[in-house]
Amino acid sequence: MDKRSLKRYPIKMASKSTVSQACRIENTDFYLHAHTALISHQRMLIVSLYEKDKLRNKEKYPSFRIFMTKENYIAQDFREEDPVWRTGRMEHLTESTWYKKIEISCCDDRSATVLNRFFSYLNMEKLSPVDKLIKGQKRIMEKRLEKKHQREKSKIDQKMREVKKLPKNFMDWIDETAMAHSRYIYYQYSRKKYMDGYCTHCHSDVKVSGVKHRKIGVCPNCGKKMLFLAAGKATRILDHGEAVYFQKTKKGFVVRFFSIYKYYGKHYRTPEIRTLELKRIFYEDTKCLKYEWRNFKQTGEMRWCAGWDGYTFYDAACYTANLEKALTGTPYQYCAIKQFADRYEGAGVNVPYYLKRYGSKPFIEYMVKAGLYHMVEELTQPWYFFGEYNQDGKNLLEVLGVTSEQFRFIQQNDMYSFEFRTYKKMLSQKNCKIPEDFRSFCQQYERDISLILELMQYTTLHKVERYCSQQTTEKQPYFAVMRLWSDYLRFAVRLGYNTKNSFVLFPKRLIQAHDHAADMVQKMEEKELREKMKRENERAKSLLEQYRKIYSWTDGKLSVVVPEDLFSIREEGHTLHHCVANYTQDVADGKTIILFIRRNSELTKPFYTIEVMDESIRQCQGFGHCGSTEEVKNFVDAYEQKVLKPLKLLAQAVS
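Along every chain, residues carry numbers that run from 1 in the direction the sequence is written. In keeping with the model being predicted, local features are shown solely for residues with a pLDDT of at least 70 and side-chain atom pairs are shown and tallied solely at 80 or more, while totals for entire chains, interfaces and linings include all residues. With hydrogens and water set aside, each side-chain value is computed from the structure's full complement of heavy atoms.

A. Representation of the overall build of the protein. In terms of helices and strands, the protein carries 24 helices and 23 strands. On the principal axes, the C-alpha backbone points of the protein span a range of 100 × 100 × 55 Å. Think of it in three bands: with a 1.4 Å probe and only protein chains considered, a residue is buried below 20% of the maximum accessible area for its type, exposed above 50%, and partly exposed in between. Across the 655 residues of the protein, 45% fall into the buried class. Here the protein displays about 37,900 Å² of accessible surface, and carbon together with sulfur accounts for 49% of that area. The charge count includes Lys and Arg as positive and Asp and Glu as negative, but it does not include His or the ends of the chains. In this description, the location of a charge corresponds to atom NZ of lysine, CZ of arginine, CG of aspartate or CD of glutamate. Treating the 112 positive side-chain charges of the protein as one cloud and the 82 negative ones as another, the clouds have centres 7 Å apart. Put simply, DSSP marks the helices as runs of H or I at least four residues long and the strands as runs of E at least two long, and each gets a number from the N terminus on. Residue burial considers only the protein chains on display, and all accessible areas are found by Shrake-Rupley using a 1.4 Å probe.

B. Broad picture of the nonpolar core. Definition used in this section: a nonpolar core is a set of buried Ala, Val, Leu, Ile, Met, Phe, Trp, Tyr and Cys residues joined via side-chain atoms within 4.5 Å. Residues Phe246, Tyr354 and Phe441 are the most contacted members of the largest nonpolar core, which totals 77 residues. Here the element with the most residues in this core is helix 19 (residues 478-495); it accounts for eight residues. Each residue touching Tyr354, except ones within four places of it in the same chain, is listed here: Cys335, Ala336, Ile337, Phe340, Val349, Ile364, Val368, Val376 and Thr380. In this structure, Tyr551, Val562, Ile593 and Tyr639 belong to the second largest nonpolar core, which totals 32 residues. Here a residue-residue contact requires only that any non-hydrogen atoms of the pair lie within 4.5 Å.

C. View of empty space enclosed by the protein. Cavities and pockets were defined on a 1 Å grid built from protein atoms only: a cavity is a group of points that admits a 1.4 Å probe but offers it no way out, a pocket is an open group of points flanked by protein on both sides within 12 Å along at least five of seven lines, and a lining residue is one with an atom within 4 Å of any such point. Grid points are joined across faces, edges and corners, and a volume is the space filled by probe spheres set on the points. Tallying each qualifying case throughout the model produces two cavities of 30 Å³ or more. By volume, the largest cavity is sized at about 90 Å³. Lining the largest cavity are His578, Cys579, Val580, Tyr583, Ile594, Thr609, Ile610, Glu611, Gln619 and Gln621. If you list the elements that add at least two residues to the lining of the largest cavity, you get strand 22 (608-613) and strand 23 (616-621). Note on residue classes: Ala, Val, Leu, Ile, Met, Phe, Trp, Tyr, Cys and Pro are nonpolar, Asp, Glu, Lys and Arg are charged, and everything else, Gly too, is polar. Looking at the lining of the largest cavity residue by residue, the class counts come to five nonpolar, four polar and one charged. Approximately 40 Å³ is the volume found for the second largest cavity.

D. Representation of the packing of helix 5 (residues 109-118) against helix 6 (residues 129-160) in the model. To obtain an axis, a line is fitted to C-alpha atoms, over the contacting stretch when the element is a helix, and the angle between two such axes runs from 0 to 180 degrees between their N-to-C directions. Their axes nearest at 9 Å, the elements helix 5 and helix 6 cross at an angle of 40°. Compared by their axis directions, helix 5 and helix 6 come out oblique. Two packed elements cross with a definite hand, and for helix 5 against helix 6 that hand is left-handed. Contacts from Ala112, Leu115 and Asn116 in helix 5 reach Pro129, Val130 and Lys132 in helix 6. Note on angle classes: values under 35 degrees are labelled roughly parallel, values over 145 roughly antiparallel, values of 65 to 115 roughly perpendicular, and the remainder oblique. Crossings are classed by handedness, with left-handed meaning an anticlockwise turn of the near helix from the far one by less than a right angle and right-handed meaning a clockwise turn.

E. Expanded view of the layout of surface pockets. The volume enclosed by the largest pocket comes to roughly 330 Å³. Surrounding the largest pocket, 19 residues form its lining, Tyr283, Lys290, Pro352, Tyr353 and Lys356 being those nearest its centre. Taken together, the elements giving at least two residues each to the lining of the largest pocket come down to strand 14 (272-284), strand 15 (287-295) and helix 10 (351-360). In terms of residue count, the dominant contributor to the lining of the largest pocket is helix 10 (four residues).

F. Examining a positive patch on the surface more closely. The grouping of Lys135, Lys138, Arg139, Lys143, Lys147, Lys148 and Arg151 at the surface amounts to a positive patch. Note on placement: Lys143 falls in helix 6. Exposure above 30% relative accessible area and no salt bridge define the residues that can form patches, which grow by joining like charges within 9 Å and nonpolar side chains of Val, Leu, Ile, Met, Phe, Trp and Tyr within 5 Å. For salt bridges, the criterion is a side-chain nitrogen of Lys or Arg within 4 Å of an Asp or Glu carboxyl oxygen.

G. Summary view of the sheet that holds strand 21 (residues 593-599). One bridge is not enough; two strands pair if DSSP finds at least two bridges between them. Read from one edge of the open sheet, five strands run 19-20-21-22-23, paired in antiparallel fashion. The open sheet has two edge strands, strand 19 (553-554) and strand 23, and neither has a second partner. Pairing between strand 22 and strand 23: five bridges, direction antiparallel. The residue bridging Thr609 from the neighbouring strand is Gln621, located in strand 23. Against the sheet, helix 22 (residues 566-576) makes contact with strand 21 and strand 22, and its axis sits at roughly 60° relative to strand 21, the strand it touches most.

H. Representation of the environment of Arg408. Tracing the backbone through its elements, the reader meets Arg408 in helix 14 (residues 404-413). Along the sequence, Arg408 and Ala370 sit 38 residues apart, while their C-alpha atoms lie 9.7 Å from each other.

I. The arrangement of the packing of aromatic side chains in detail. Stacked, tilted and edge-to-face are the three classes assigned to paired rings of Phe, Tyr and Trp, where Trp is represented by its six-membered ring and a pair needs centres within 6.5 Å; plane angles under 30 degrees give stacked, over 60 edge-to-face, the rest tilted. Tallied over the full model, the rule gives 42 aromatic pairs. Ring centres 5.0 Å apart and planes at 15° place the aromatic pair Phe253 and Tyr283 in the stacked group. A residue pair is termed long-range when its members are at least 10 positions apart, and Phe253 in strand 13 (residues 253-264) and Tyr283 in strand 14 qualify at 30 residues. Look at Phe253 and you get buried, because its relative accessible area is 1%. By relative accessible area, Tyr283 is classed as buried at 6%. On the numbers, 5.8 Å between centres and 40° between planes, the contact of Trp485 with Phe506 is tilted. Placement of the pair is Trp485 in helix 19 and Phe506 in the loop between helix 20 (502-505) and helix 21 (510-551), with a sequence separation of 21 residues. Under the relative-accessibility criterion, Trp485 is labelled buried at 0%. Accessibility expressed as a relative area gives 22% for Phe506, which makes it partly exposed. Charge-over-ring contacts are defined here by two conditions on Lys NZ or Arg CZ: a distance within 6 Å of the ring centre and an angle within 35 degrees of the ring normal. Looking at Lys279, its charged tip hangs above the ring of Phe257, at a distance of 5.5 Å from the centre.

J. The sheet that holds strand 7 (residues 184-187), seen in detail. Here we have five strands laid out as an open sheet, ordered 9-8-7-11-10, and mixed in their pairing. Because the sheet does not close on itself, it has two edges, and the strands there are strand 9 (204-208) and strand 10 (215-218). The sheet shows a mean angle of 40° between the axes of neighbouring strands, taken without regard to direction. When strand 10 meets strand 11 (residues 225-230), the two strands line up antiparallel, connected through four bridges. Across the sheet, residue Val218 finds its bridge partner in strand 11, namely Lys225.

K. The arrangement of unusual backbone geometry in detail. Positive phi values are uncommon outside glycine, yet His203 reaches one of about 55°. In this fold, His203 is placed in the loop between strand 8 (195-199) and strand 9. His203 sits in the partly exposed class, given a relative accessible area of 44%. Even without glycine at this site, Asp614 takes up a positive phi of about 55°. By the secondary structure assignment, Asp614 is in the loop between strand 22 and strand 23. For Asp614, a relative accessible area of 65% puts it in the exposed group.

L. Local environment of the side chain of Glu378. By the element assignment, Glu378 lies in helix 12 (residues 373-379). When near neighbours in sequence (up to four residues on either side) are disregarded, Glu378 contacts Trp383, Tyr384, Tyr416 and Ser417.

Structure below.
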């Protein structure tokens, strides 16, 4: 539509009868005037919409006007200072929703007749003229949307033509490798020594002996690890797997993701295998284009759709026969994903994150080639954080921050990241011997690794375990003893005990030794606190003496009392159960002023405490942080007016 021509078309003002209707009728929100005209050699329907509230205020200007043909429509919005063009339908312009129905009525019979004639092609005589307008706009919008969807689908289909057929042996690979975890020996239970069985992997009849239902064993024919199933008990088994296939394209390569289902029923010799290709990712230089098989735009049509990463394949087996060829000439040529995928039969790979991590963390290639598969498994997960690796390292030793000898130990154990962090902590501790079975050590103390490493600072792992086992009881299990011993050793160091002495290090009665040491530390800390308070109190004496002359005041019933010393402030906090005891150092430093409110009849009994800063009351609290009563509030207001306000004015005058 030519907006310039439409803009020049005269605006239809509301008639007197329309204004009169708006003033008389309550149920209508908008009034509609419709007529047809020839604009730019095209017959058009022009619809003007007037708001009831504006008409009642004698505003005859339309809020909207719609220009419409049988193939298209556009609306002009006059609610802004400068008119704006809108492509929304009439119910959207008027903000009509399912929970807020906007009522629209024709101004006159002529407008209704115009609408009925214009939309006669809809063949819906039962609809009202306004509903026909809504239906006509909806049909145009659906056609617009259909064209838009068709353009999008054509673009996707063009991309999908780059994908070639799968190799002939792909389904065999799915069964043999991708579903390597789905291998069983079905056996016919009997009391004979040897029972008849069938291996689903090598497809051969075998004789088995001494087996149990759902126990792992080995096939006597192919030597593969199997799960034994009694044919009478396992009548329905459904296994799921994931597979990934790399394929070369003109601009790079595409990764295809398959979800696999293998069903063993009564006919377990011929299981049913179904594969669903759910995802494709095209890698073209730095671009990554994602497509998924799903419901297209909620239209009910299942097809390839662009974007929306809804399917996750965190543990998919990779078809590696053509992998090197597919990656040749791409930025991922040397990413070592083939070696990682072949680390064992049917090994799972999080391919999208592997390629993503390799783009920013190329040291993954070195880790794979060094056989650090467990670290790479964790590095290629979305939740992983790279805290323990030096990403700027030029080689693997610099990345890990270890020596050649230490690296060999890491390599031999194929460490997980947790094991690696533990190993580096142990290296940083003096005289900490690394256990021979390092993995078992990490698995045993995974939740309490900091605790065991702390104890190993004092003695060997063997002695730690032996002592903790000796002290273990029903009430004090093994790890509780470890925590108790750790606390005791910290107390011993605090008290200056010689922890190299076995009598101190390994007390015969750990609980009694712990409690005695804790009591000694508490007494020592209290003594240190008292000495600290004495020093602070000496500094605060002169300040409190000055405050006594300036801030003391009474109204006859209540009085503001300056503390005698810091000890009385501490006692005030303990008695009233609030935190003023923590303010003693600030008082000694002159950062704040603590004052007591007392009843004149009980000047020694704590009542309320106030904090003064910059000649203003910062807080006033009673027992348990309670707020001020009406009596205390009036007293505090009077104290501010008669004592603190003059002091503040004096300070301002001096400055």
